[in-house]
Amino acid sequence: MVSNTRREFLHASIVGGTLAAGEAVGKEAEASAGEIPVKAGYDIAVVGAGTAGAIAAIQAGRLGLRTVLIEKNGMPGGTTTVAAVNFPGLFHAWGRQVIAGIGWELVSRAVAECGGQLPDFTVVPERHPQHQVRVNRAVYASLLCEALQQAGVSVLFHTIPAQVEEQEEGFLLTVCTKTGLETLRAGVVIDATGDANVVGLAGYPLVEHDTLQPGSLILTLAGYDFDALDKEHLRKVFQEAVEKGELTPEDDTFVRRNIVGFLAARGDNCTHVTNINGRTSTGRSEAELRSRTCLLHVYRFLRRQPGLEGLEIAFMAPECGIRETVTIQGEATITHEDYVSGRLWQDAVCYSFYPIDLHYARGGGIDTRPLQPGTVPTVPRGALVPKGSRRLLAAGRCLSSDREANSALRVQATCMACGQAAAVLAAQAVRENTGVMNVDMKGVYEILRQHRAIVPG
Ligand SMILES: Cc1cc2nc3c(=O)[nH]c(=O)nc-3n(C[C@H](O)[C@H](O)[C@H](O)COP(=O)(O)OP(=O)(O)OC[C@H]3O[C@@H](n4cnc5c(N)ncnc54)[C@H](O)[C@@H]3O)c2cc1C
């Protein structure tokens, strides 16, 4: 904990002037015995370099703000890359583009770098996944790294916040680095952890639900000819193995109670891991342990079946993908009715487009409800701002929304658009020396358009 004397000194240095990114503050602060030195001052700290956070940091850096990006893993992209959900959507609705900006720039560049082709977005697809854009994970993560460096963002991988202290003009963030605790100062913090970890540490309320969508471990299976498999036999012996206790009911849930579907999809986005709290280290660890144990059981069983003797797990995501944890309680909350009616909020910062898409908490199936033709919902500024906060934003899937609206809002194109918008709101709060709910939206829209984002209305 920072002492009062120290707090006064630090506050004086925040109010009294600016520090270059990475520049250490005065000797007094550094010298306080037994305390954590304040290492550096930034205009904006983004925590979480995932789908939303990497885009937020690039935008803040491109605006010339001193920006630090703090990430627990060793590469950016989050769920898109580390959890291997590398098929972002949806940037287009009803034959036109509704989300562009930095997310689209990098996603479309990732496709071009690999010599790939984008779908024909002028044709409204029968099924929404046809308009998701598959990116190569390595290329996309590397493009993010390049863009972060070009934007002058200070990146701290392998680092996680331990304590957040709100001050009049910003925050002190104590982070755990590989070599111990360090404290950073930031004028505005953008929580892009997906799980509102920073908002929680700062003491703002979160909305938790008893029911949560399952997570998924993304895989690539190889070494078999699917067409040549005896599917009926496989279904029968798999079910018998579950009944005899050779496989567990959780193994059955893991393959979504459809072993043939699991093999048909070659493991890609077709597993379910239920009853996990992905917001905590304990809950995340449980998800990693349980999903991989199920995988091993199923793998051993399948390798004993005819036609699957050569089955290989060619790829396994380093992290189990998490669909849902908490949301912030925002200055505005997007409800199901707002979403499906395509409400145009007065201070909308971006569009969002996806069906209501709730994976059943018990695993197995999905409740998918497409939007009515022509409907394109929007996201208001207030959904990114924890209620009662001044200089704190949340970008990504934890934005303020009810469960049904969130099941659609959580998708990647929306997270990227929210990340970009959060960075512009943060930048304007620093420049106008005010809270994020008070910044002039005309200026925000102008900057978003300059950076090729699509502003609703
Ligand atoms: C299995 C699955 C399938 C999905 N399918 C689709 C789909 O088809 N299309 C689609 O568009 N979307 C899909 N989604 C939804 C979408 O991928 C996610 O909702 C979205 O990527 C979340 O973005 P985010 O920025 O909120 O979080 P993330 O991308 O998860 O980023 C959070 C980042 O913060 C870091 N972090 C977390 N906590 C901390 C901490 N305390 N300190 C430091 N760093 C931290 C993480 O390591 C990560 O890099 C799917 C999701 C899952 C799990």
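What you see is a predicted model; the values in this text were computed from it and never measured.

Definitions and limits used
Residues numbered from 1 in each chain as written. Predicted model: local features only at pLDDT ≥ 70, side-chain atom pairs only at ≥ 80, totals over all residues. Near = placed C-beta within 6 Å. Helix = DSSP H or I, 4+ residues; strand = E, 2+ residues; numbered from the N terminus. Nonpolar A, V, L, I, M, F, W, Y, C, P; charged D, E, K, R; others polar. Buried ≥ 20, exposed ≤ 12 C-beta atoms within 10 Å, placed from the backbone. Contact = placed C-beta atoms within 7 Å. pLDDT = per-residue confidence, 0-100. Axes fitted to C-alpha atoms, helices over the stretch in contact; angles between N-to-C directions. Parallel < 35°, antiparallel > 145°, perpendicular 65-115°, else oblique. Domains from an automatic or database assignment.

Neighbouring residues of the ligand: 39 residues in total, closest Gly48, Gly50, Gly78, Gly321 and Gly396. Elements supplying a minimum of two residues to the shell around the ligand: strand S6 (160-167) and helix H13 (412-431). Taken together, the residues that form the shell around the ligand break down as 14 nonpolar, 19 polar and six charged.

All right, on to helix H3 (residues 53-62) then. Most of H3 is tucked away: ten of the ten residues are buried. Of the positions making up H3, those classed as buried are Gly53, Ala54, Ile55, Ala56, Ala57, Ile58, Gln59, Ala60, Gly61 and Arg62. On its buried face, H3 is in contact with strand S1 (38-47), strand S2 (67-70), helix H4 (101-113), helix H5 (137-150), strand S8 (180-191) and H13. One or two steps after H3, the chain reaches glycine 64, where phi turns positive at roughly 85°.

Attention now moves to the environment of proline 318. Relative to the helices and strands, proline 318 is located in the loop between strand S11 (312-316) and strand S12 (327-328). For the pair proline 318 and aspartate 120, spaced 198 residues apart in sequence, the C-alpha separation works out to 32 Å.

Take the confidence of the model for the protein next. Within the protein, residue pLDDT values average 92, and 93% of them lie at 70 or more. Model confidence for the protein, summarised as mean pLDDT per element, is weakest for helix H1 (residues 4-16) at 31 and strongest for H3 at 99. Scored below 50 in pLDDT, residues 1-33 shows 41 contacts in the model against residues more than four places distant or in partner chains.

Between H4 and H13, whose axes approach to 7 Å, the crossing angle comes to 130°. Judged by the inter-axis angle, H4 sits oblique to H13. Along its contact with H4, which presents Gly101, Ile102 and Gly103, the element H13 presents Ala413, Met416, Ala417 and Gln420. Of the residues belonging to the contact of H4 with H13, the class tally is four nonpolar, three polar and no charged.

Mapping histidine 209 onto the fold places it in the loop between strand S9 (206-207) and strand S10 (219-222). Sequence separation between histidine 209 and alanine 413 is 204 residues; the distance between their C-alpha atoms is 24 Å.

Glancing now at the domain arrangement of the protein. Bring the parts together and some accessible area is lost; that lost area is often taken as the interface size. Each assigned domain of the protein is listed here: domain 1 (4-208 + 327-450) and domain 2 (219-316). A straight line from the C-alpha centre of domain 1 to that of domain 2 covers 33 Å. Class assignment of the residues belonging to the side of domain 1 that touches domain 2 gives a composition of one nonpolar, three polar and two charged.

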